[in-house]
Amino acid sequence: MKYILIIITTVIYAQTVYEQILYENGEQLDVFAYQLPENFNLETTYPLLIGFHQWGGNHMSTFSTTFDEEANFRNWIFMSPFGGSSNNYNHQEAQYMVKEAIEWMIDNYNIDENRIYMVGGSMGGASGMIYANNHLDPKEPMVAATASASGILDCERRAIEMDGNNSMIEWFGGNYDEVPFEYHRNSAIYFLDSTQSMHYNLKNIPLYFDFGASEPHRTHAEEMYQIMLEGHHENMWIDNDPIGSHGFSVFDEQHVCDWLSQFELNDDPDYINVNLDESSRAYWIEVNNEEQIENEFMKIIASREVYEDSLIINIEETQNITYNNITLHVMDDLYDYINLYYNEMSPYEYNTIGITGPLIDYVSHISVNDCDFCITMEDDIIWVHIDSENNLLTIFYPSDINNDGEWNILDILLTINFIMDEIEPTPEQNFLADMNQDGLIDILDIIMMVNFILNQ
């Protein structure tokens, strides 16, 4: 259980800044600050700009930049998390704190979840990229675009260049050669070994790279930019005429916000190539790896396309995913067929793919390769047992109420007559019209029919 116990109001340059202490299970979790636009209206939906402080700073430090003024000018809400510490907040626990703060903002204000932007300087410079790497679940806060000033993009490489880093050792639980996985999962990129890097996860996140002219690790940004460019990343900007020395000083806040404002969240791409550090959902693919290989990333590459009345899904590659326990969140439209191509079968006896989504409740049955007994149901997931590289899933929906072969307004009108006792349904019609199978034919069934018809 999380709640806010204390609200403190501070006025900075005639702007009202709210400080919030976030508690969880009776213990203080974190503190964050936020600013509402001058003409704030409870009925309006607002983009959210999140600023991550530099080393030694806190949740109030980012208000010394002009990002809060830029947010106010653009009618955005500005938020600044503390992240549990002044000396590092890119580790997993700190990311959790940031997520909880964002969710509190969403719960209490009309946040446009498609326009959550992140900026940071120095220690916080790569925080937006790192958070984006680790948070690809559309049901949770995701990053629409992010900007880095002098960011520590590769924690291991930076620690080696610095001959060690005490804050990384403290928060990652050891030196880079002792707990390398923690350094890699909390980095924007790991240059030395791409199989241990999460930069693939940033494919759909617009990236802004900035740095000072004299900074020795500006090459990190230049090299990452080039790697992403070679990977066909489409939306990036890098500073070719740098100013300032380090951290927030290298930013032109107006230019950053102008650039960020172009983008909205892409949380449903047709092509997915990710390295996952733990079982989780990435866009429309979810991995539940009960036997994850310790300190190893789980790779999955997949694509999808719609052809006529079929959804074609191609799972091109999987690595370190035992029993191929993958769920596809694809039932948000009505398809007669799903063609599932699985190019790399695992060596395990049982290979299963789950099919789910909002419209799964309308499915009465799925047959795979003409086998009616090769599926199992578990809650709202249909598990398909596969034994070949090409699987044709035939999807069956309930028959329409008047049995003319089409779901349309006539079925709704007939059901309304059932509800009003104008017509006595046959046993078959009674079963079909009870869409939610609660034993009653009522307005809830009409609503489900309307949704079903609209999604055909």
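Residues numbered from 1 in each chain as written. Predicted model: local features only at pLDDT ≥ 70, side-chain atom pairs only at ≥ 80, totals over all residues. Heavy atoms only, no water.

### Topic: the packing of helix H2 (residues 92-108) against helix H3 (residues 127-134)
So, step 1. Their axes nearest at 11 Å, the elements H2 and H3 cross at an angle of 85 degrees. Compared by their axis directions, H2 and H3 come out roughly perpendicular. Contact residues: H2 offers Gln-92, Gln-95, Val-98, Lys-99 and Ile-102, while H3 offers Ile-130, Tyr-131 and Asn-134.
So, step 2. Of the residues assigned to the contact of H2 with H3, the class counts are four nonpolar, three polar and one charged. (Axes fitted to C-alpha atoms, helices over the stretch in contact; angles between N-to-C directions. Helix = DSSP H or I, 4+ residues; strand = E, 2+ residues; numbered from the N terminus. Parallel < 35°, antiparallel > 145°, perpendicular 65-115°, else oblique. Contact = heavy atoms within 4.5 Å. Nonpolar A, V, L, I, M, F, W, Y, C, P; charged D, E, K, R; others polar.)

### Details of the packing of helix H9 (residues 409-419) against helix H11 (residues 443-454)
When two helices pack together, their arrangement is captured by the angle between the axes and the distance separating the axes.
So, step 1. Where H9 meets H11, the closest approach of the two axes is 10 Å, and the angle between their N-to-C directions is 180 degrees. On the basis of their axis angle, the class for H9 and H11 is roughly antiparallel. Judged by residue contacts, Ile-409, Asp-411, Ile-412, Thr-415, Ile-416 and Ile-419 of H9 engage Ile-443, Ile-446, Met-449, Val-450 and Ile-453 from H11.
So, step 2. Across the contact of H9 with H11, the residue classes break down as nine nonpolar, one polar and one charged.

### Notes on the sheet that holds strand E17 (residues 352-356)
So, step 1. In spatial order, the strands read E11-E12-E15-E17-E20-E19; together these six strands make up an open sheet with mixed pairing. Of all the strands in the sheet, just strand E11 (280-282) and strand E19 (375-378) have a single pairing partner and so form its edges. When strand polarity is set aside, the average angle formed by the axes of neighbouring strands in this sheet is 25 degrees.
So, step 2. Sheet topology places strand E12 (residues 285-287) next to strand E15 (residues 326-329); three bridges connect them, and they run antiparallel. In the strand pairing of E15, Val-287 is matched with Ile-326. (Pairing = 2+ DSSP bridges.)

### A short note on the layout of surface pockets
In this approach a probe as big as a water molecule rolls over the atoms, and the regions it shows empty are the leftover space.
So, step 1. Considering only enclosed or pocket space, the largest pocket measures out at about 310 Å³ in volume.
So, step 2. Around the largest pocket, the lining comprises 18 residues; the ones closest to its centre are Asn-134, His-135, Glu-140, Glu-278 and Ser-280.
So, step 3. Of all the secondary-structure elements, those providing two or more residues to the lining of the largest pocket are H2, H3 and E11.
So, step 4. Examining the composition of the lining of the largest pocket, we find that four residues originate from one element, H2, more than from any other.
So, step 5. Looking at side-chain class alone, the lining of the largest pocket contains four nonpolar, eight polar and six charged residues. (1 Å grid on protein atoms, 1.4 Å probe; cavity = no way out; pocket = protein on both sides within 12 Å on 5 of 7 lines; lining within 4 Å. Points joined across faces, edges and corners; volume = space filled by probe spheres on them.)

### Side note on the side chain of Thr-62
So, step 1. Of note, Thr-62 is situated in the loop between strand E4 (46-52) and helix H1 (67-73).
So, step 2. Among residues more than four places away in sequence, those in contact with Thr-62 are Gly-51, Phe-52, His-53, Phe-78, Ser-80 and Phe-248.

### Focus on the sheet that holds strand E10 (residues 271-276)
Backbone hydrogen bonds hold the strands of a sheet together, and the pairing may be parallel or antiparallel.
So, step 1. Pairing in this open sheet of six strands is mixed, and the strands run E10-E13-E14-E16-E21-E18 from one edge to the other. In this open sheet, the two strands that pair with only one neighbour each are E10 and strand E18 (365-368). Neighbour to neighbour, the strand axes of the sheet diverge by 20 degrees on average, direction disregarded.

### Topic: the pairing of strand E5 (residues 77-81)
So, step 1. For E5, the tally of buried residues reaches five of five residues, placing the bulk of the element in the interior.
So, step 2. Burial along E5 is two-sided: Ile-77, Met-79 and Pro-81 and Phe-78 and Ser-80, pointing in opposite directions, are all buried.
So, step 3. Sheet analysis places strand E3 (residues 27-35) next to E5, joined by four bridges and oriented antiparallel. Across the sheet, residue Phe-32 finds its bridge partner in E5, namely Pro-81.
So, step 4. Here E4 pairs with E5 via three bridges, running parallel. Looking at E5, one finds that Ile-50 is bridged to Met-79.
So, step 5. With respect to chirality, the unit in which E4 leads through H1 into the neighbouring parallel E5 is right-handed. (Buried < 20%, exposed > 50% of the residue type's maximum accessible area, 1.4 Å probe, protein only. Right-handed = clockwise from strand over helix to strand, strands pointing away.)

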